[in-house]
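What follows is the residue order along each chain.
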Amino acid sequence: PAANTDATCGSVFQLFYSFFKSLVGKDVVVELKNDLSICGTLHSVDQYLNIKLTDISVTDPEKYPHMLSVKNCFIRGSVVRYVQLPADEVDTQLLQDAARKEAIQIKQ
């Protein structure tokens, strides 16, 4: 059972990784677990869902004035709470189909 769980997690991460790679060059908002929200252009993402953003700004500069001089950042995947995506860039049907296929493969 543990090996199956590991395989399930790995394939789910692979699905998200592939999805985020398709959004490189798009503007996103990344909300961190410490409540800091960073807007920027998605430059890259790796298999651990670490994110590199360019041309960043914070949504609450009064609360995080030290971030005003930062233009690019690397965000460790484990500290991300949410990623807000541009609605017009997301093919929800394709994503739902991929998730269904993944669920079927996991059950087999």
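In the block above lies the structure referred to throughout.
Description of the structure in this document. (Residues numbered from 1 in each chain as written. Predicted model: local features only at pLDDT ≥ 70, side-chain atom pairs only at ≥ 80, totals over all residues. Heavy atoms only, no water.)

**Focus: the sheet that holds strand β5 (residues 80–84)**
Move 1: One open sheet accounts for five strands, arranged β4-β3-β2-β1-β5; its pairing is antiparallel. Two strands bound the open sheet, and with one partner strand each, they are β4 (72–75) and β5. Along the sheet, successive strands turn relative to each other by an average axial angle of 40 degrees, direction set aside.
Move 2: Alignment of strand β1 (residues 27–32) against β5, held across four bridges, turns out to be antiparallel. Across the sheet, E31 pairs through a bridge with Y82, a residue of β5. (Pairing = 2+ DSSP bridges. Helix = DSSP H or I, 4+ residues; strand = E, 2+ residues; numbered from the N terminus. Axes fitted to C-alpha atoms, helices over the stretch in contact; angles between N-to-C directions.)

**What to know about the environment of C73**
Move 1: Residue placement: C73 occurs in strand β4.
Move 2: Separated by 30 residues in sequence, C73 and H43 have C-alpha atoms that sit 9.7 Å apart.
Move 3: In contact with C73, other than residues within four places in its own chain, are I38, I51, K52, L53 and I56. (Contact = heavy atoms within 4.5 Å.)

**Topic: the pairing of strand β2 (residues 37–45)**
Move 1: For β1 and β2, the ladder comprises five bridges, and the chain directions are antiparallel. Note that in β2 the partner of V28 across the bridge is G40.
Move 2: Hairpin connection, β1 to β2: the antiparallel pair is bridged by four residues, and D35 has positive phi, about 75 degrees.
Move 3: Inspection of the sheet shows β2 paired to strand β3 (residues 51–58) by six bridges, in the antiparallel sense. Bridged to V45 within β3 is I51.

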